[in-house]
Amino acid sequence: MPDPIPPRDIEAEQALLGSIMIAPYLFEDLVTFVKAEYFYRDSHRWIWEAMHHLLESGQQIDHVTLCNALNTSGKLKEIGGPAYIMGLLNATPTSMHAESYAKIVREKAFKRKALEVATNLAQNAIQDKPLSEALQQMEEFFISSSALSGVTERMVMTAEKLCLSEMGELTWILKDWIMAGGINLIAGMPAAGKSFLALDLAIGIASSGLAWDNRPVTQGKVLYHFLDGSYRGMRSRVLKLCHARGIQPPANLIFDFSPLNLKVTSEALALRQRIHRLDASVVIFDVMAKFMPGADENSVAEISPMMNALREIANQTGTTFILIHHLNKGGNTDLSYRVRGSSDILGSVDTAIVVAHENQHSAHSLRTIIPQKVRESLPPAQLQFQIESTEESIALRFSETNASELVRVPGQAELIFADILEYLQTVPAQEFKKNELLSALQINSSARTIDRAFSKLNNDPRIRVTKRGSFNTYQWEEDTPATPYS
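The residue numbers shown here count from 1 along each chain, following its written sequence. In view of the model being predicted, local features appear only for residues whose pLDDT reaches at least 70, and side-chain atom pairs are presented and counted only at 80 or more, with totals across whole chains, interfaces and linings using the full set of residues. Neither water nor hydrogens contribute to the side-chain values; these are computed over all heavy atoms in the structure.

Digging into the overall build of the protein chain
Rule in force here: Numbered from the N terminus, helices here are DSSP runs of H or I no shorter than four residues, and strands are runs of E no shorter than two. Only heavy atoms matter for contacts: two residues are in contact if any of them lie within 4.5 Å across the pair. For accessible areas, the Shrake-Rupley method is used with a probe of radius 1.4 Å. Any residue's cover is judged against the shown protein chains and nothing else.
Along the protein chain, the regular secondary structure elements total 17 helices and 16 strands. For the protein chain, the proportion of contacts with a sequence separation of at least 24, taken over those separated by at least 6, is 66%. Element-wise, carbon and sulfur atoms account for 51% of the exposed surface of the protein chain, whose accessible area totals about 25,500 Å².

Notes on the sheet that holds strand S15 (residues 463–468)
Selection criterion: A pair of strands is treated as paired once DSSP finds two or more bridges between them. What counts as an axis is a line fitted to C-alpha atoms, over the stretch in contact for a helix, and the angles between N-to-C directions run from 0 to 180 degrees.
Strand order in the open sheet made by the three strands is S14-S16-S15, with antiparallel pairing throughout. Looking at strand neighbours, the two that pair on one side only are strand S14 (432–433) and S15, the edges of this open sheet. Sheet analysis places S15 next to strand S16 (residues 471–476), joined by six bridges and oriented antiparallel. In the sheet register, Arg 464 faces S16, and the bridge partner there is Gln 475. Helix H17 (residues 447–458) rests against S15 and S16 of the sheet, and its axis sits at about 60° to S16.

Re the nonpolar core
Note the cut-off: Remark: nonpolar core denotes a set of buried residues (Ala, Val, Leu, Ile, Met, Phe, Trp, Tyr, Cys) joined through side-chain atoms within 4.5 Å. Residue exposure (1.4 Å probe, protein chains only): buried if accessible area is under 20% of the type maximum, exposed if over 50%, otherwise partly exposed.
In this structure, Leu 201, Trp 212, Tyr 224 and Ile 369 are the most contacted members of the largest nonpolar core, which totals 40 residues. If you tally residues by element for this core, the top one is helix H10 (residues 194–206), at nine residues. Ignoring sequence-local partners within four residues, the contact set of Trp 212 consists of Leu 174, Trp 177, Leu 197, Asp 200, Leu 201, Ile 353, Ile 369, Leu 383 and Phe 398. Membership of the second largest hydrophobic core comes to 36 residues, among which are Met 21, Phe 27, Leu 54 and Ile 79.

Brief notes about the packing of aromatic side chains
Just so we agree on the cut-off: Paired rings are identified among Phe, Tyr and Trp, the last through its six-membered ring, by centres lying within 6.5 Å, and are further divided according to the angle between planes into stacked (under 30 degrees), edge-to-face (over 60) and tilted (the rest).
Under the defined criterion, the tally for this structure stands at 14 aromatic pairs. With a centroid separation of 4.7 Å and 55° between ring planes, the pair formed by Phe 27 and Trp 48 is classed as tilted. Of this pair, Phe 27 sits in helix H2 (residues 27–30) while Trp 48 sits in helix H3 (residues 42–56), placing them 21 residues apart in sequence. A centroid spacing of 5.2 Å and a plane angle of 45° characterise the contact between Phe 39 and Trp 48, whose relative ring orientation is tilted.

Digging into the packing of H10 against helix H11 (residues 231–245)
Rules: Put simply, angles under 35 degrees are roughly parallel, angles over 145 are roughly antiparallel, angles from 65 to 115 are roughly perpendicular, and the rest are oblique. For a crossing to be left-handed, the near helix must be turned anticlockwise from the far one by less than a right angle; the clockwise case is right-handed. Ten residues, namely Ala, Val, Leu, Ile, Met, Phe, Trp, Tyr, Cys and Pro, are considered nonpolar, four, namely Asp, Glu, Lys and Arg, are considered charged, and the remaining ones, Gly among them, are considered polar.
It is the contact of H10 with H11, at a shortest axis distance of 11 Å, that shows an interaxial angle of 60°. Of the possible angle classes, the one that applies to H10 and H11 is oblique. Here the hand of the crossing between H10 and H11 comes out right-handed. Here Ser 195, Phe 196, Leu 199, Asp 200, Ile 203 and Gly 204 of H10 come into contact with H11, specifically with Met 234, Arg 237, Val 238, Leu 241, Cys 242 and Arg 245. Class assignment of the residues belonging to the contact of H10 with H11 gives a composition of seven nonpolar, two polar and three charged.

The structure is reproduced here in structure tokens:
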């Protein structure tokens, strides 16, 4: 019996390449989800690689530059010479269907990969090889199939289509606090209670539909990634929280104690595959830093790709992400200003909660939940809670915050102003230019926000402002008492 012919569509491959020749600007979009190895014919792979080389070197893709690139690599004659390249162009009447051609090429590549993996698995079984080897092949297949099936397909639409589309009402997992299908942040110092809040929420979503003192939550399956302690400690917390509720630990709450690096594209793709396979509606990362090992939290270049990957999964699957994160240590009394790492972390999330507590050395300390950011709604009133713990149970007891107890969250300009005052007070004998203060305090806010902060500084009686040519200098008045700078 002859070997089966591998799945392929030569005409779609030719039409895709011809579309790029007609409209070279399409290549930059299509190259994000079509790789050279997706083409069945070697000659078509070489042409795609040459186009990629032209793009990376900043050259225009056209008949002349493409032929020259292929000739330089020694592939032009083997492909069929300039005539074959011209034939691709002439045989493709329009570039309008380039995306459809790309999907066909990708789908055929997926089917060939499926056939290859199935054949290898069958051979492994016949040869009685270890199961671990077969499972590894299957896992690699899931990752590659995710890439092939268009995980990174671009979401592009006209303004007219966008505004006419039915978006539906904004939905919440927990009204005003945790946005459904969004990225949500819970930040606090160690022992502030942020993990207990997340775990109480997860149990409520996975069981009764109630959390945070019987507030309604949307029910579903929760995937809880936990690397901030032992699975033994998590087991104890779950048992005690469920005992306080009078319920059994829910089957719809799934814990994953395995390492995961969201900076690695293949691992982000594998995460999407697991979310789909488990049908998880909510995914929690506790704590966020553990899932980006080696990353510089203060670097936008390193944080942004990870946040973008989560956003893409959320947009395409409707998954709700909850990130548990830390605050920086420091003297600033406003905890929301100290969310650790790059400003891109706060900038990328839909909601952000800061958990503050009166006494970090007391397990029964009163905690305050401060809504630091709500992207598409008015912020809710602050909440307070205590963690009541016994040998058998743990319960979170909530209460509304009195107006006199509200923890005020100042604006960014106020915070910059307070930081500058604090800094100037520590070195009263020195004068500083504006740019010197910004550099010393590593302030990266917008020019408008910085201008508002310095406007307050110019009018503050505690600061001596001196005109030096075209710029001002700022110095703490030596006879001003070293008192608050709020």
